[in-house]
Amino acid sequence: AMKLEVFNVEHGACALLTYDNGERIMIDCGHNASTGWRPGDHLRRLGVLSLRALFVTNFDEDHVSGFGNLIDNVHVVTIFRNATVRAATIKQLKSKDGMGPGIDRLVGVLSDWERNPAVGASSLGLPGNVVIRTFWNDYPTFDDENNLSMMVELEINGTSFVFTGDLETAGWQQLVRRADVRAALARAQVYFASHHGRASGCCDEVFNHCKPRFIVISDKAKGFQTQETHAYYHARAEGGNVIGCEDKRFVLTTRSDGDITFEIMANGTYYVSTSWSSTKKTA
């Protein structure tokens, strides 16, 4: 079985895929300031010394706030991000709202890798039962971090999970013109809501093609009126069983559910559990 864990990093993002051979990749690397949870510390506690790849979906601090802790604790073999955005461009984009420490460390590493590409070689060398596809809008067609987000599809034993960064409506409308993006959305069983469930990440055109079973929102206690999108997403999900929950679930949030774990069997069947479920029983 494969395991995809979505960590409660408040208004941020961090997920870890553990292959059945023990290899690991991470999608974003936020941290939880309230609990002190950090991605590098977590991997070290597991005895993990190497991460095969890190996928950075967005160049805002909340997606990489744990990057320094990650690279100080484990060897990150390669980093994938929107390849049209170079390190110097990230720095330029962040000059508007300031560079956080995570972005600052990321820019430094990417700058080194751009000077010596062999160091950050992008060959994953992982088993073929996970297909990874990435999509983005090119810079400078867009020149804001959110619409330059990288959409990542993980197709695990035939079950598809789609991460969307902080894409906003204009960026979505550009992306869904592409047949390969529409195909990825159509495959999605689990859709990670863009921009932490903010209204700016909602796009009706996406759901002309996408009818996932579950929609996941990585966020913390509501601080913005634009987070009031639960009903919007509930209406666009098929729903399914979650271990420990009596009722069918449609939208899962780290705010209400804590860590969210998907265990994917070899035949594509998957089971969903959360760290804050009050009881345990078979899904």
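Before any of the text, the structure's been laid out above.
Values in this document were obtained by computation on a predicted structure and should not be read as measured data. Here the residue numbers are simple positions, counted from 1 along each chain's written sequence. Only residues with pLDDT of at least 70 get local features here, since the model is predicted, and only at 80 or more are side-chain atom pairs given and counted; chain-wide, interface and lining totals rely on the full set of residues. In computing side-chain values, all of the structure's heavy atoms are included and hydrogens and water are not.

Visitor: How would you explain the nonpolar core if you had to name every residue and give the values?
Guide: Across soluble globular proteins, nonpolar side chains have a tendency to be buried as a group. Within the largest apolar cluster, 32 residues are counted, with the highest numbers of intra-cluster contacts made by Leu4, Leu17, Phe55, Leu154, Phe161, Phe163 and Phe262. Setting aside residues no more than four positions away along its own chain, Leu17 makes contact with Met2, Lys3, Leu4, Glu23, Arg24, Ile25, Val130, Leu154 and Ile156. Buried Ala, Val, Leu, Ile, Met, Phe, Trp, Tyr and Cys residues that are joined via side-chain atoms within 4.5 Å together make up what is termed a nonpolar core. Each residue gets one of three labels from its accessible area relative to the maximum for its type: buried under 20%, exposed over 50%, partly exposed in between, using a 1.4 Å probe on protein chains only. Cys29, Val76, Ile79 and Leu148 belong to the second-largest nonpolar core, a separate cluster that totals 31 residues. Note on contacts: a residue pair is in contact if any heavy atoms of the two residues lie within 4.5 Å.

Visitor: Explain the environment of Lys3 to me, and be specific about the residues and the numbers.
Guide: Per the convention used, a helix needs a DSSP run of H or I reaching at least four residues, while a strand needs a run of E reaching at least two, with both numbered from the N terminus. One can find Lys3 in strand β1 (residues 2-6). Lys3 sits in the partly exposed class, given a relative accessible area of 35%. As for Lys3 and Met265, which are separated by 262 residues in sequence, their C-alpha atoms are 8.9 Å apart. What Lys3 contacts, discounting residues up to four positions off in sequence, is Leu16, Leu17, Thr18, Thr261 and Phe262.

Visitor: With reference to specific residues and values, describe unusual backbone geometry.
Guide: A cis amide bond links Tyr139 with the next residue in sequence, Pro140, at an omega value of 10°. Note that Pro140 resides in the loop between β8 (130-136) and β9 (150-156). For Asp28, which is not glycine, the phi torsion reads 65° and is therefore positive. Of note in the backbone geometry, His195 takes a positive phi value of approximately 55° without being a glycine. Among the structural elements, His195 can be located in the loop between β11 (188-192) and β12 (214-217).

Visitor: Now, about the pattern of salt bridges: what can you tell me, with residues and values included?
Guide: We define a salt bridge as a side-chain nitrogen of Lys or Arg found within 4 Å of a carboxyl oxygen belonging to Asp or Glu. Tallied over the full model, the rule gives 16 salt bridges. Of the charged contacts in the structure, one is a salt bridge between Asp112 and Arg115, with a shortest N-O distance of 2.4 Å. Residue Asp112 and its partner Arg115 are both found in helix α5 (residues 101-115); the two are separated by three residues, about one turn of the helix. The closest approach of N and O atoms between Arg133 and Glu153, which form a salt bridge, is 3.0 Å. Taken as a pair, Arg133 in strand β8 and Glu153 in strand β9 lie far apart in primary sequence, 20 residues in all. For Arg133, a relative accessible area of 25% corresponds to the partly exposed category. Here the residues in one salt-bridge network are Asp60, Lys94, Asp97 and Glu145, joined through shared partners.

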